[in-house]
Amino acid sequence: MAASAASPGLLREFLQRGEVMLKFGCFMHCVHNYFIQITVCQGPSMLPTLNTTGDIVLTECISAYLQNIKSGDVVVATSPANPRSVVCKRVLAQEGEQVRVQSNIALGSMADDKKVDIPAGHVWLQGDNTRNSNDSRHYGPVPVALLQSKVICRIWPPQGWGAIQRGFPNKEFVVNSAVDSS
């Protein structure tokens, strides 16, 4: 009889703890998907801003959700070439701007360059390491809806810890920019 009396108490405690764990899981899901993410950015395309071996960066999602991403920001986006993966690139240009795309980056011939107008609702993503980056030069302007978050700072490795600066290492590719007039 004592064992059956203890069972409702154990069941109640189990359900209460389960409820707390479920609420915590929902809270963490919301924080991760809608506010702050920790992401590994790996590969040579963002050298020298990020390392090839993989930097762990802190990103915030609110700017992407509110479409408050500016030219020069480093972002994490769903890859237009492979929707199952993400890319970490810099926003080089936004809608209404124009970029110059070199047809042969290795030769650097400006005679074969073409100009691309960025349509409404799109951005131009490009790696800082233009000689080794698969970016908008390969897949064209990227819909703003594919932007997931903006990189705030690098948190690993410790010697590289700090804010990721907004800037334009490849500004020479932007032909007509709203940012130029400011």
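K.L.:
Which parts of the structure should I look at to understand the overall build of the protein chain?
P.N.:
Counting its regular elements, the protein chain contains three helices and eleven strands. Shown N-terminal to C-terminal, the secondary structure of the protein chain runs as helices and strands in the order α-β-β-α-β-β-β-β-β-α-β-β-β-β. A separation of at least 24 residues holds for 58% of the contacts in the protein chain among residues at least 6 apart in sequence. Summed over all atoms, the accessible surface of the protein chain reaches about 10,900 Å², with 59% contributed by carbon and sulfur.

K.L.:
Please clarify how the environment of Ile 56 should be interpreted in this entry.
P.N.:
By secondary structure assignment, the location of Ile 56 is in strand S2 (residues 55-60). In contact with Ile 56, other than residues within four places in its own chain, are Ile 38, Thr 39, Val 40, Cys 153, Arg 154, Ile 155 and Trp 156.

K.L.:
What is the right way to look at the pairing of strand S9 (residues 147-156) in this model?
P.N.:
Consecutive side chains along a regular strand alternate between the two faces of the sheet. Note that S2 and S9 share five bridges and pair antiparallel. Looking at S9, one finds that Val 57 is bridged to Arg 154. As paired strands, strand S3 (residues 74-78) and S9 are joined by three bridges and run antiparallel to one another. The partner of Ala 77 across the bridge, within S9, is Leu 147. Sheet analysis places S9 next to strand S10 (residues 162-163), joined by two bridges and oriented antiparallel. Along S10, the bridge assignment pairs Cys 153 with Ala 163. The antiparallel pairing of S9 with S10 creates a hairpin that spans five residues between the two strands.

K.L.:
What am I meant to see in the pattern of salt bridges here?
P.N.:
Where charged atoms from two side chains of opposite charge approach closely, those side chains can pair. If you walk through the whole model with that rule in mind, you get seven salt bridges. A salt bridge links Lys 150 to Glu 60; the shortest N-O distance between them is 4.0 Å. Separated by 90 residues along the polypeptide, Lys 150 in strand S9 and Glu 60 in strand S2 bring together distant segments of the chain. The partly exposed category is assigned to Lys 150, whose relative accessible area is 21%.

K.L.:
Sorry, what's going on with the layout of surface pockets here?
P.N.:
A probe as big as a water molecule, rolled over the atoms, marks out the empty space that is left. Of the volumes computed, that of the largest pocket is approximately 220 Å³. Forming the boundary of the largest pocket are 15 residues, of which Gln 42, Ser 45, Val 86, Val 87 and Cys 88 lie nearest the centre. Mapped onto the lining of the largest pocket, the elements with two or more residues apiece are strand S1 (36-41) and strand S4 (86-94). The dominant element in the lining of the largest pocket, judged by the number of residues it contributes, is S4, at four residues. Taken together, the residues of the lining of the largest pocket sort by class into nine nonpolar, five polar and one charged.

K.L.:
Is there a simple way to think about the nonpolar core in this case?
P.N.:
When a protein is soluble and globular, its nonpolar side chains tend to lie buried together. Counting twelve residues, the largest nonpolar core consists of Ala 64, Ile 69, Val 75, Ala 77, Val 87, Val 91, Val 123, Leu 125, Tyr 139, Val 142, Val 144 and Leu 147. Residue assignment for this core shows that the elements contributing at least two residues are S3, S4 and strand S7 (122-126). Val 87 has contacts with Val 75, Val 76, Ala 77, Ser 79 and Tyr 139, leaving out every residue within four places of it along the chain. If you look at the next biggest cluster of nonpolar residues, it comprises nine residues, including Met 46, Leu 50, Val 57 and Val 76.

K.L.:
Sorry, what's going on with the state of the cysteines here?
P.N.:
Linking two cysteines covalently via their sulfur atoms produces the bond known as a disulfide. Going through the model one piece at a time under the given rule, you end up with zero disulfides. We note that Cys 26 lacks a disulfide partner, and the nearest cysteine sulfur, in Cys 30, lies 6.8 Å from it. The exposure class of Cys 26 is partly exposed, given its relative accessible area of 44%.

K.L.:
It is not clear to me how the confidence of the model for the protein chain should be interpreted in this structure. Could you clarify?
P.N.:
When pLDDT drops low, the exact placement of atoms in the prediction is not to be read closely. Per-chain confidence: the protein chain averages 85 in pLDDT, with 84% of residues scoring 70 or above. Looking at the elements of the protein chain, mean pLDDT is at its lowest for strand S11 (residues 174-176), recorded as 65, and at its highest for strand S8 (residues 142-143), recorded as 96.

K.L.:
Explain a nonpolar patch on the surface here, please?
P.N.:
A cluster of nonpolar side chains, namely Tyr 34, Phe 35, Ile 36, Ile 62, Tyr 65 and Leu 66, defines an oily patch on the protein surface of about 670 Å² accessible area. Structurally, Leu 66 can be placed in the loop between helix H2 (62-65) and S3.

How each quantity is defined
- Residues numbered from 1 in each chain as written.
- Predicted model: local features only at pLDDT ≥ 70, side-chain atom pairs only at ≥ 80, totals over all residues.
- Heavy atoms only, no water.
- Helix = DSSP H or I, 4+ residues; strand = E, 2+ residues; numbered from the N terminus.
- Contact = heavy atoms within 4.5 Å.
- Areas by Shrake-Rupley, 256 points an atom, 1.4 Å probe, with all protein chains shown as cover.
- Pairing = 2+ DSSP bridges.
- Salt bridge = Lys/Arg side-chain N within 4 Å of Asp/Glu carboxyl O.
- Buried < 20%, exposed > 50% of the residue type's maximum accessible area, 1.4 Å probe, protein only.
- 1 Å grid on protein atoms, 1.4 Å probe; cavity = no way out; pocket = protein on both sides within 12 Å on 5 of 7 lines; lining within 4 Å.
- Points joined across faces, edges and corners; volume = space filled by probe spheres on them.
- Nonpolar A, V, L, I, M, F, W, Y, C, P; charged D, E, K, R; others polar.
- Core = buried A, V, L, I, M, F, W, Y, C linked by side-chain atoms within 4.5 Å.
- Disulfide = S-S within 2.5 Å.
- pLDDT = per-residue confidence, 0-100.
- Patch = residues over 30% accessible without salt bridge, like charges linked within 9 Å, V, L, I, M, F, W, Y side chains within 5 Å.

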